[in-house]
Amino acid sequence: MSRSLPEEEVGRLYRDHFAALFRTAARLIGGDAAEDIVHEAFEALIRAVRKGLVDADLDPRAYLFRTVINRAINLLRKRSNRQKAEQAAAQSEGVDDPDPTTRLTLALAMAQLPKDQRLLLFLRYYTDLDMSEIAAILGTTPNTASQRLRRARQALAEQLDSVPPAQDEVSS
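The structure contained in this document is the topic of the report that follows.

Calculation criteria
Residues numbered from 1 in each chain as written. Predicted model: local features only at pLDDT ≥ 70, side-chain atom pairs only at ≥ 80, totals over all residues. Heavy atoms only, no water. Helix = DSSP H or I, 4+ residues; strand = E, 2+ residues; numbered from the N terminus. Expected span 1.5 Å × (residues − 1). Buried < 20%, exposed > 50% of the residue type's maximum accessible area, 1.4 Å probe, protein only. Contact = heavy atoms within 4.5 Å. Phe/Tyr/Trp six-rings, centres within 6.5 Å; stacked < 30°, edge-to-face > 60°. Lys NZ or Arg CZ within 6 Å of the ring centre and 35° of its normal. Salt bridge = Lys/Arg side-chain N within 4 Å of Asp/Glu carboxyl O. Axes fitted to C-alpha atoms, helices over the stretch in contact; angles between N-to-C directions. Parallel < 35°, antiparallel > 145°, perpendicular 65-115°, else oblique. Nonpolar A, V, L, I, M, F, W, Y, C, P; charged D, E, K, R; others polar. Patch = residues over 30% accessible without salt bridge, like charges linked within 9 Å, V, L, I, M, F, W, Y side chains within 5 Å. Areas by Shrake-Rupley, 256 points an atom, 1.4 Å probe, with all protein chains shown as cover. Lys, Arg positive; Asp, Glu negative; His and termini not counted. Charge placed at Lys NZ, Arg CZ, Asp CG, Glu CD.

## What about helix 2 (residues 31-50)?
Logical step 1: Taking 1.5 Å per residue as the helical rise, helix 2 with its 20 residues ought to reach 28 Å, and the 30 Å between its terminal C-alpha atoms agrees with that figure.
Logical step 2: Those residues of helix 2 not exposed but buried are Ala33, Ala34, Ile37, Val38, Ala41, Phe42, Ala44, Leu45, Ala48 and Val49.
Logical step 3: Buried residues belonging to helix 2 abut helix 1 (7-29) and helix 3 (61-78).
Logical step 4: Positive phi shows up at Gly52, right after helix 2, with a value of about 80°.

So this is what it looks like as structure tokens:
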């Protein structure tokens, strides 16, 4: 038997989670399509509950985050122009470092990591989710997510060691 989410429950979920979902999408793809992706995630949740694919009694936060992230990644794949992805990253908030050289060095190092490691680092340090939330989004245990995050940090450190520091100008 199909079940639906009551309208007031959808409204509560929207009020409670929209801002965090929007920030996540905006940081991944920029603000231009973030709101659409979040709305699509809510629509997907409603359809999934109706079809019995998702238990409406469980906390849907992980489903919503996973859907937003998957849709954002799909959109990035469609954007063949790498410059658009770099502009979206430049528009993102969350990095308080005013030094553009450091930010560029970090972006170059991150770009060298596999996408699963980039996603883990993003979820932990840009969205400020805890390990249990990250594990739920990735469909794994908190211990496994923590181990993968440790490896991602090690890989990032190795990349940062191998990236020559960007310099403003070389004076002669």
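## What to know about the packing of aromatic side chains
Logical step 1: Tallied over the entire structure, the rule returns three aromatic pairs.
Logical step 2: Aromatic side chains Tyr14 and Phe42 sit 5.2 Å apart centroid to centroid with 55° between the ring planes, which places their arrangement in the tilted category. Here Tyr14 is found in helix 1, whereas its partner Phe42 is found in helix 2, with 28 residues between them in sequence.
Logical step 3: Accessibility expressed as a relative area gives 6% for Phe42, which makes it buried.
Logical step 4: Judged by centre distance (5.8 Å) and plane angle (25°), the ring pair of Phe18 and Phe22 falls under stacked. Note that Phe18 and Phe22 are positioned in helix 1 at a spacing of four residues, about one turn of the helix.
Logical step 5: Assessed through its relative accessible area of 26%, Phe22 is described here as partly exposed.
Logical step 6: One aromatic cluster is present, built from ring pairs that chain together Tyr14, Phe18, Phe22 and Phe42.
Logical step 7: Taking NZ or CZ as reference, Arg124 lies 6.0 Å from the ring centre of Tyr125, over its face.

## Quick notes on the pattern of salt bridges
Logical step 1: Taken as a whole and judged by the stated rule, the model has four salt bridges.
Logical step 2: The partner of Arg12 in a salt bridge is Glu9, and the shortest N-O contact between them spans 2.7 Å. On the criterion of helical spacing, the pair formed by Arg12 and Glu9 is a turn pair, its members being three residues apart in helix 1.
Logical step 3: Residue Arg12 is classed as partly exposed on the basis of its relative accessible area, which comes to 32%.
Logical step 4: Using a relative accessible area of 24% as the deciding quantity, one classes Glu9 as partly exposed.
Logical step 5: With a closest N to O distance of 2.8 Å, Asp16 and Arg12 form a salt bridge. Here Asp16 and its partner Arg12 are both found in helix 1, four residues apart, which amounts to about one turn of the helix.
Logical step 6: Members of the salt-bridge network, linked through shared partners, are Glu9, Arg12 and Asp16.

## Observations concerning the packing of helix 6 (residues 115-125) against helix 8 (residues 142-162)
Helix-helix packing is described using two parameters, namely the angle between the two axes and the distance between the axes.
Logical step 1: Viewed as axis vectors pointing N to C, helix 6 and helix 8 meet at an angle of 105°, and their least axial separation amounts to 9 Å. Comparing the axis directions of helix 6 and helix 8 gives the class roughly perpendicular. For the pair helix 6 and helix 8, contact is made by Gln117, Leu120, Leu121, Arg124 and Tyr125 and by Ala145, Arg148, Leu149, Arg151, Ala152, Arg153, Ala155 and Leu156, respectively.
Logical step 2: Its residues assigned to classes, the contact of helix 6 with helix 8 shows eight nonpolar, one polar and four charged.

## A few points about a positive patch on the surface
Logical step 1: A cluster of like positive charges, contributed by Arg148, Arg150, Arg151 and Arg153, occupies part of the molecular surface.
Logical step 2: Relative to the elements of secondary structure, Arg150 occurs in helix 8.

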